[in-house]
Amino acid sequence: MSEHAPSRATPTSGTWRNWGRTESVVPAQVRTPRAVDDVAAAIADARAGGLTVKPVGSGHSFSAIALAPGIQLDMSAMRGLVSVDADAAQATFRAGTTLHEIPDLLAPHGLAMPNLGDVDAQTLSGATSTGTHGTGAAFGGISTQIVGLEIVTGTGEVRRIDGARPELLSAAALGLGALGVVTEITLQCVPSFGLHAYEGPEPIDDVIDSFLDSVAVHDHYEFYWFPHTGFALTKKNVRVDADVPAQGPGRVRRYIDDELLSNGLFGVLCAVGARAPKVVPKLNSLAANALSARTYIDSSTRVFVSSRTVRFREMEYALPIERIPEALNQIRELIMRRRYRISFPLEVRAAAADDLMLSTAGGRASGYIAVHRFHRDRMDGYFDDVEEIMVSHGGRPHWGKMHTRDAGYLRTVYPRFDDFLAVRADFDPDRVFANPYLHSVLGA
């Protein structure tokens, strides 16, 4: 039995909402497990009561992947560092540990995660289950850092998966929550390192034309284009040793750039644009003109991660990396032709090919195009029209972001789609972890 106090089943009439306010649900029960036994007990109760079970992390998925109409498992009590293997540079965490907690847990051991995205509010299990990624031609998504995990299956069995069963790890490292409840994750870490960051505006035509070269030259490259303007903010990061001293803008300048401009002023401009869409092009020009070049060196985490307080909706697709320039030009033409008024920038990144069954970069080097809308913008056809372009290039939607693709389409772009379904049939034969989203993307 668990040495921890058992979790309690709490009937609820409250509504759970994700961060982006794109999805909501009223769970039949909410439980807060504290140990693997509590998770197994919740699964047993769900089976007995004809309910489903879904763990929920920080709610940072824009899709409905985390919706739990049955028993919702709040994983916030299952956090922290379990163990570190210094010789192998591997660290095991409880699954509810948030990404922003991990750097401080690894620092005493001189370790870091190899790559991160620009948001760190997600839980480790939520981020890896949905395919969260950063950027860098030589680096995969966070799921590729997993070398082992503990998972409770749909029959209540506790299974440990590692490199001894690569076909299972290839499924479970990015499992969409469809295989079970992940309770522990072991990451392959690297020695702590810093990043030499170069940021600044550049003409968008030049940025698109040089995208493939820029990705190849820099360890981590990405850019943001503000629609209705001729400029993009480029970010070029080069890895340096951890003992290279920090330098560049001080805390006051960073606060002005990252909080007052990137969040405060930007949030005001988005709110104005939502009320008066006709002024969005002028507002975007104002935002683009506020961009300035800067160079600095800091720890990898402080450079990778950015504060994001302006609420938005997001759709992101992965394409074969060589298709990114053409797709971007098609989106630019679309915005002009349909006269969309888009206040949020497009974000463009890259990732190395990997061997995970349902990774958006599975089997191919990939570029990513993310489109956003301010959460108060009226709904229009922008996402639908962009999605049509993405699909024409064989795009794969990010599992945690908005899209309309179903199993019929996804089978055509994931060569190992049916291999994953076979693992699912073994781990969750009775579909204890199903929800409407998984019914759509994986089929019944």
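The rules we used
Residues numbered from 1 in each chain as written. Predicted model: local features only at pLDDT ≥ 70, side-chain atom pairs only at ≥ 80, totals over all residues. Heavy atoms only, no water. Helix = DSSP H or I, 4+ residues; strand = E, 2+ residues; numbered from the N terminus. Rg over C-alpha atoms; globule rule 2.2 N^0.38 Å. Buried < 20%, exposed > 50% of the residue type's maximum accessible area, 1.4 Å probe, protein only. Contact = heavy atoms within 4.5 Å. Areas by Shrake-Rupley, 256 points an atom, 1.4 Å probe, with all protein chains shown as cover. Pairing = 2+ DSSP bridges. Salt bridge = Lys/Arg side-chain N within 4 Å of Asp/Glu carboxyl O. Axes fitted to C-alpha atoms, helices over the stretch in contact; angles between N-to-C directions. pLDDT = per-residue confidence, 0-100. Phe/Tyr/Trp six-rings, centres within 6.5 Å; stacked < 30°, edge-to-face > 60°. Expected span 1.5 Å × (residues − 1). Arc of directions from axis to C-beta.

### As for the overall build of the protein chain
When its secondary structure is counted, the protein chain shows 14 helices and 21 strands. Compactness check: the protein chain gives a C-alpha radius of gyration of 21 Å against a globular reference of 22 Å for 444 residues, within 12% of the reference. Taking all 444 residues of the protein chain together, 56% fall into the buried category. A fraction of 74% describes how many contacts in the protein chain between residues 6 or more apart in sequence connect residues 24 or more apart. Accessible surface computed for the protein chain: about 18,100 Å², of which carbon and sulfur atoms make up 52%.

### Thoughts on the pairing of strand β18 (residues 312–320)
For β18, the buried fraction is high: nine of the nine residues fall into the buried class. Relative to strand β20 (residues 366–374), β18 runs antiparallel, the two sharing nine bridges. Note that in β20 the partner of Leu319 across the bridge is Gly367. With two bridges joining them, β18 and strand β21 (residues 396–397) adopt antiparallel strand pairing. The partner of Tyr317 across the bridge, within β21, is Pro397.

### Re the pattern of salt bridges
With the rule as written, the count across this model stands at 22 salt bridges. In this structure, the salt-bridge partner of Asp418 is Arg411, at a minimum N-O distance of 3.0 Å. By relative accessible area, which is 42% here, Asp418 ends up partly exposed. Judged by relative accessible area, which is 37%, Arg411 ranks as partly exposed. Where Arg416 meets Asp419, a salt bridge forms, and the shortest distance between an N and an O atom there is 3.7 Å. What you see here is one network of salt bridges that share partners, running through Glu314, Glu316, Glu347, Arg349 and Lys401.

### Some words on the sheet that holds strand β15 (residues 220–225)
The eight strands lie next to each other as β17-β14-β16-β15-β19-β20-β18-β21, forming an open sheet whose pairing is antiparallel. Of all the strands in the sheet, just β17 (294–299) and β21 have a single pairing partner and so form its edges. Across the sheet, helix α10 (residues 324–338) lies against β15, β18, β19 (346–351) and β20, angled at about 20° from β20, the strand it touches most. Packing against the sheet, helix α11 (residues 382–392) makes contact with β18, β19 and β20, and its axis sits at approximately 10° to β18.

### Concerning the sheet that holds strand β8 (residues 90–94)
The strand order across the open sheet built from five strands is β7-β8-β12-β10-β11, with neighbouring strands paired in antiparallel fashion. Edge positions in the sheet fall to β7 (81–85) and β11 (158–162), since each has one partner strand and no second. Averaged over all neighbouring strand pairs, the angle between strand axes comes to 15°, with direction disregarded. With four bridges joining them, β7 and β8 adopt antiparallel strand pairing. Each bridged residue has a counterpart across the sheet, and for Ser83 the counterpart in β8 is Thr92. Contacting β10 (146–152), β11 and β12 (181–188), helix α1 (residues 36–49) crosses the sheet at an angle of about 50° to β10.

### A closer look at the confidence of the model for the protein chain
Model confidence for the protein chain is summarised by a mean pLDDT of 93, while 93% of its residues fall at 70 or above. Ignoring residues within four places in sequence, the model shows residues 1–11, a span with pLDDT below 50, making 26 contacts including any to other chains.

### Thoughts on the packing of aromatic side chains
Applying the stated rule across the entire model yields 11 aromatic pairs. Plain terms: the ring middles of Phe211 and Phe223 are 6.1 Å apart, the flat faces sit at 75° to each other, and that makes the pair edge-to-face. Residue Phe211 is found in helix α6 (residues 211–217), and its partner Phe223 is found in strand β15; the two are separated by 12 residues along the sequence. Given the relative accessible area of 1%, Phe223 is considered buried.

### Focus on the pairing of β19
With six of six residues buried, β19 lies mostly within the body of the structure. Here β19 shows two buried faces, one formed by Leu346, Val348 and Ala350 and the other by Glu347, Arg349 and Ala351. Relative to β19, β15 runs antiparallel, the two sharing three bridges. Residue Trp225 lies in a different strand from β19, and its bridge partner there is Leu346. Pairing analysis gives five bridges linking β19 to β20, with the strands arranged antiparallel. From the neighbouring strand, Arg349 faces β20, where its bridge partner is Tyr368.

### Quick look at α1
In a regular helix each residue adds 1.5 Å, so 14 residues correspond to 20 Å; α1 covers 20 Å between its end C-alpha atoms and thus fits that length. Buried within α1 we find Asp38, Val39, Ala40, Ala42, Ile43 and Ala46. Residues of α1 that are buried sit in contact with β4 (29–31), β5 (53–56), β6 (71–74), β10 and β12. Note on α1: the residue one or two positions beyond its end, Gly50, has a positive phi of about 65°.

### So, helix α13 (residues 417–427)
Looking at α13, one finds that the buried residues are Phe417, Phe420, Leu421, Val423, Arg424 and Phe427. In a view along the axis of α13, the buried residues occupy a sector of 160°, so they form one face of it. Turning to α13, the residues buried within the fold contact β10, β11, α4 (166–172), α12 (407–413) and α14 (436–442).

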